[in-house]
Structures are given as structure tokens and as C-alpha cells.
Amino acid sequence: MINSFEDLMTLSQKYSVPREDILFMDMNISGLNTTEDLDRVRFALKLNIDNGMFDLARKKRIENYYFALPVKSNSNYHVDGSKLIFGNDTVIGEVGRLTEDFCDSSYSRRGGTVLNVNPNARTSCRGCKFCYTAYQTARDKKRLTDRKSLEEFFDNWVLSHGLLDLSHVLQIAIVTGCFDSEEDVVSFLLLLNDVLKKYSFNGEIFYLGSQITTRESLERLLPIKKFGYCISLECFENREYFLRDKKRKFTLENIIATLSIAKELRFRTNFTYIVGLEDLETIRKNFENIIQYINSFPIINIFQEHKYHKGIRHETANDMEYYLRARKILEKIFLQTEMRPRPWEDYRSLWYLKFANEELDDIRTP
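Let me begin by describing the structure that accompanies this report. (Residues numbered from 1 in each chain as written. Predicted model: local features only at pLDDT ≥ 70, side-chain atom pairs only at ≥ 80, totals over all residues. Heavy atoms only, no water.)

Quick look at the environment of I329
Our working definition: Helix and strand assignments come from DSSP, with helices taken as H or I runs of at least 4 residues and strands as E runs of at least 2, each series counted from the N terminus. Whether two residues are in contact is decided by their heavy atoms: any pair within 4.5 Å suffices.
Tracing the sequence through the fold places I329 in helix α11 (residues 320-334). Between the alpha carbons of I329 and I283 there is a distance of 8.2 Å; along the sequence they are 46 residues apart. Apart from residues no more than four positions distant in its own chain, I329 is found in contact with L280 and R284.

Thoughts on the environment of D165
Position of D165 among the secondary structure elements: in the loop between α4 (147-160) and β11 (171-175). Distance from D165 to D155, taken between C-alpha atoms, is 8.6 Å for residues 10 residues apart in sequence. Leave out the neighbours within four places in its chain, and D165 touches V158, Y199 and S200.

Some remarks on the packing of helix α1 (residues 5-15) against helix α2 (residues 19-30)
In a packed pair of helices, the relevant descriptors are the angle between the two axes and the axis-to-axis distance. To keep things clear, this is the line we draw: Orientation is described by lines fitted to C-alpha atoms, with helices fitted over the stretch in contact, and by angles between N-to-C directions that extend from 0 to 180 degrees. In these notes the angle categories are as follows: under 35 degrees is roughly parallel, over 145 is roughly antiparallel, 65 to 115 is roughly perpendicular, and the rest is oblique. For a crossing to be left-handed, the near helix must be turned anticlockwise from the far one by less than a right angle; the clockwise case is right-handed. The nonpolar class holds Ala, Val, Leu, Ile, Met, Phe, Trp, Tyr, Cys and Pro. Asp, Glu, Lys and Arg form the charged class, and all remaining residues, Gly among them, are polar.
Contact geometry for α1 and α2: axes closest at 9 Å, N-to-C directions at 120°. As far as their axial angle goes, α2 and α1 are oblique. Like other packed secondary-structure pairs, α1 and α2 cross with a definite hand, here right-handed. Where α1 abuts α2, its residues F5, L8, M9, L11 and S12 lie against R19, I22 and L23. For the contact of α1 with α2, the class distribution of residues is six nonpolar, one polar and one charged.

A short note on the sheet that holds strand β14 (residues 268-275)
Selection rule: Pairing between two strands requires that DSSP report at least two bridges joining them.
The strand order β8-β9-β11-β12-β13-β14-β15 describes an open sheet built from seven strands, whose pairing is mixed. For this open sheet the edge positions go to β8 (106-109) and β15 (299-302), each flanked by a neighbour on one side alone. Averaged over all adjacent pairs, the angle separating strand axes in this sheet is 20°, with direction ignored. Pairing of β11 with strand β12 (residues 204-209), which is carried by five bridges, proceeds in the parallel orientation. The residue bridging Q171 from the neighbouring strand is E204, located in β12. Taken strand by strand, helix α9 (residues 252-264) contacts β13 (227-234) and β14, and its axis lies near 165° from that of β13.

With respect to the layout of surface pockets
Where we set the bar: Only protein atoms enter the calculation, which uses a 1 Å grid: trapped sets of points that fit a 1.4 Å probe without letting it out are cavities, open sets showing protein on both sides within 12 Å along at least five of seven lines are pockets, and any residue with an atom within 4 Å of a point is a lining residue. Grid points are joined across faces, edges and corners, and a volume is the space filled by probe spheres set on the points.
Each pocket or cavity is described by its volume, and for the second largest pocket that value is around 190 Å³. Lining the second largest pocket we find N193, L196, K197, S200, F201, N202, G203, I205, P223, I224, K225 and K226. Looking at the lining of the second largest pocket residue by residue, the class counts come to five nonpolar, four polar and three charged.

Remarks on the pattern of salt bridges
Condition: Salt bridge, as used here, is a side-chain nitrogen of Lys or Arg placed within 4 Å of a carboxyl oxygen of Asp or Glu. Exposure categories follow from relative accessible area, calculated using a 1.4 Å probe and restricted to protein chains: below 20% of the type maximum is buried, above 50% is exposed, and the middle band is partly exposed.
A complete count under the given rule lists 31 salt bridges for this structure. A salt bridge links D50 to R61; its shortest N-O distance comes to 3.8 Å. With D50 in the loop between β1 (40-47) and α3 (55-60) and R61 in the loop between α3 and β2 (64-70), the pair connects residues that are 11 residues apart, well separated along the chain. The same class applies to D50 and to R61, which are both exposed. Two residues, E152 and K148, come together in a salt bridge whose shortest N-O distance is 2.8 Å. Taken together, the positions of E152 and K148, both in helix α4 and four residues apart, correspond to about one turn of that helix. In the salt-bridge network here, residues are joined through shared partners; they are D21, R327, K328 and E331.

Some words on unusual backbone geometry
Positive phi, close to 55°, is recorded for R110, a residue that is not glycine. Residue R110 is classed as buried on the basis of its relative accessible area, which comes to 19%. The phi angle at E234 is positive, at roughly 75°, despite the residue not being glycine. Its location among the elements puts E234 in strand β13.

Quick look at the side chain of S296
Where we set the bar: Under this definition, polar contacts are N or O atom pairs within 3.5 Å; protein pairs additionally need one hydrogen-donor-capable and one acceptor-capable atom, and for neighbouring residues in sequence, both atoms have to be side-chain atoms.
Its location among the elements puts S296 in the loop between α10 (280-290) and β15. For S296, the side chain forms a polar contact with the side chain of R268, separated by 2.7 Å.

Description of the packing of aromatic side chains
Two descriptors summarise a pair of aromatic rings, namely the distance from one centre to the other and the angle between the planes of the rings. Here is the rule we go by: For this analysis, a ring pair means two rings from Phe, Tyr or Trp (six-membered ring only for Trp) whose centres lie within 6.5 Å, classed as stacked if their planes differ by under 30 degrees, edge-to-face if by over 60, and tilted for the remaining angles. The rule is short: NZ of Lys or CZ of Arg within 6 Å of the ring centre and within 35 degrees of the ring normal puts a charge over the ring.
On inspection of all chains with the given rule, the structure shows 23 aromatic pairs. Judged by centre distance (5.3 Å) and plane angle (90°), the rings of Y273 and F287 are edge-to-face. One end of the pair, Y273, is in strand β14; the other, F287, is in helix α10, and 14 residues separate them in sequence. Residues Y273 and F287 agree in their burial class; the two are buried. Linked through ring pairs, F236, F271, Y273, F287, F297, F334, W351 and F355 together constitute an aromatic cluster. For R109, the ring lying beneath its charged end belongs to Y347, and the centroid distance is 4.5 Å.

Here we look at helix α5 (residues 182-196)
What counts here: Take the residue count of a helix, subtract one, and multiply by 1.5 Å to get its expected span.
When the terminal C-alpha atoms of α5 are compared, their 21 Å separation across 15 residues agrees well with the 21 Å that a helix rising 1.5 Å per residue should span. Turning to α5, its buried residues are E182, V185, V186, F188, L189, L191, L192, N193, V195 and L196.

Right, dumping it as C-alpha cells:
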């Protein structure tokens, strides 16, 4: 995507986007060239903020980031010892040990103050053409769907982190589409809410999926004091092609109706979207339409291409300017609102240190 640091500077000036943001966007698109015999890796990055290249990161003293990238032999990014290198010799920063991007039962975000839990085996979910989860090495085989398994999990998590309870946790996210039915999802979320009382948890229970679709189900979740509802929308058009059978049955019209109900019930409400699958006009017109049905910034992921995904990326999305234009389109739409991206929520975002002319803060590591 970007072939030289001169390209990076030119694009930064042309679009008034920080170099750091463009670089991280490019890393997500390009992947990492590594000799590791893996399809996908994750690692911590300590950005070199004192080399004169990254003015905003230096100003804000934000040097710690986290990435999960596809392994691609044609990438301009590689690791030499503990250094992340762009091109032949530009040192971006220091990296921690590269590890395989496993599919885990749980993982933290935002410095351990947000906890993602996969109560079912996500690796058993298959069918969406853009998804990599089915190819990940599974470390999510144990189901966490009843009271006993949940209490054992939280007891062990609290103990292993040297904590007394979960009072410091801001959010527990349930990220799955693998329940047997809508009824099972709702029952699980209500059970989780009850179990968490034991651990002094006062944060948000966040559900990301596409199985809760009715007013009746959403109203049953009203006893949850803080509830976030995120529909895994992913794309607006060609849903028959991109999505698995169960997911594609949830039409765009259904999604809008359900988001409207969730917003009416005063849940925090948004959706996920993958940028790189559709043209810019499709993005513009659909975001302009759907924005009225949400009250929280969507989770907008850059499409990461693996060897299993050849031909899926939209033909217009093969250069960095597509993603920068998408970013500008979305900024123009959302600047009219109070909704803004949260850096800890998305490791493959269009935004890292800045949204339009507004600087972004918060923790960007697990």
C-alpha cells in the first residue's frame, strides 16, 4: 500500500491525517512479513516517538500499541530482532515477542479494565467469507454458559490477576454468534448479569452479535443496569455473498428496526462494519441513513486479507487513498454528533490518535 516514508508524508499532508494513523492503517492492510510459520500474529509495539517521524505521538507521549496482523510475504513491514522495520531500514519501534493470534476464551483490553469473554467456541462458527476465526488455533473449547462455569472462570481470573473483585472493570463484552437460539442468548446475558453481582461489577455488559432481533428479547434485558447492544452488520450490500446463512437472514431492514428499538430502550447501541468490502458511495449513503438509529460510534474494522480471502477486497480498495477517503467521509458524517471512536475498542481501526481535528486519548493495549 505505502512504498516509502515519502509516500507516508505526502498522504499525511494531502489528507491532514497524522503519520501515525496512516502507518497503522497501512500495517493492518499490508500485514507483517515474518519467517514465523504462522498465518496470523499478534504483538505489542512501543513506537519510537523520539525519532522525529511521529509528532503527535511524541506530543501526547503515547508510545504503546497492540496489533494482530495477517502474515504476508509481500508486506513492507518486518521484524529484525526486537525492531519493527518499514521498508529496508526505517525503524518504527520495538516489538514484544510475536505470538500466534489464537482464538481464546477470554482476553482483556484497555489495560485490563475491559474483558472480552467468548462463552461458546467461536472457532466453530463458519460461513462469512471475510472472517478468519475458523482458521485460528482454538483455545476456546471450554463452554462458559452455566453458572458454575462462569463462577469458576471469574474466580480464576480475579485470582490470577491479584484482584479482590471486578469493581475496576468498565466493560465485559460477550462477542459471539454461536448460541443455539435467541432465547439462549438472552437467558445467558441475564445469568451473566446475576453472576457478576457476586464480583462487585458495576460496568457495562456489552453484546456483539446478530442473534437478538426482537423487541421482546431486548425488553427482557432491561434489568441489566448498563447494557451495550452491537449488531454485527459488517457490510451493507451483497450480504447474500459475504455472510453465512443464519446471519444473512437478518436483513438491513431488520437491523435498522432492531437498532431503533434498542436505542428507544436507551441501551448503548451501535454496529460493526468492515471497510474494504464496498465502494465509498455505498459507505457514504448507508452511514448517512443508519446514523439516526445508533447512539454510539460503530466498530469500524479495516478488512485484513489472508490467503483464504483472495478476491474479497473491493476492487477500489487496493490503495491507501480509498481508506483515507472513507475516513474523511465518516468523519464528516459523525462530526455532527457526539459519537467518537474509542481507541481501545478496535486494533484495526481507521483512527488511532486523531478523529478529524480532535485528538484521541485512552489506553491502546490489553
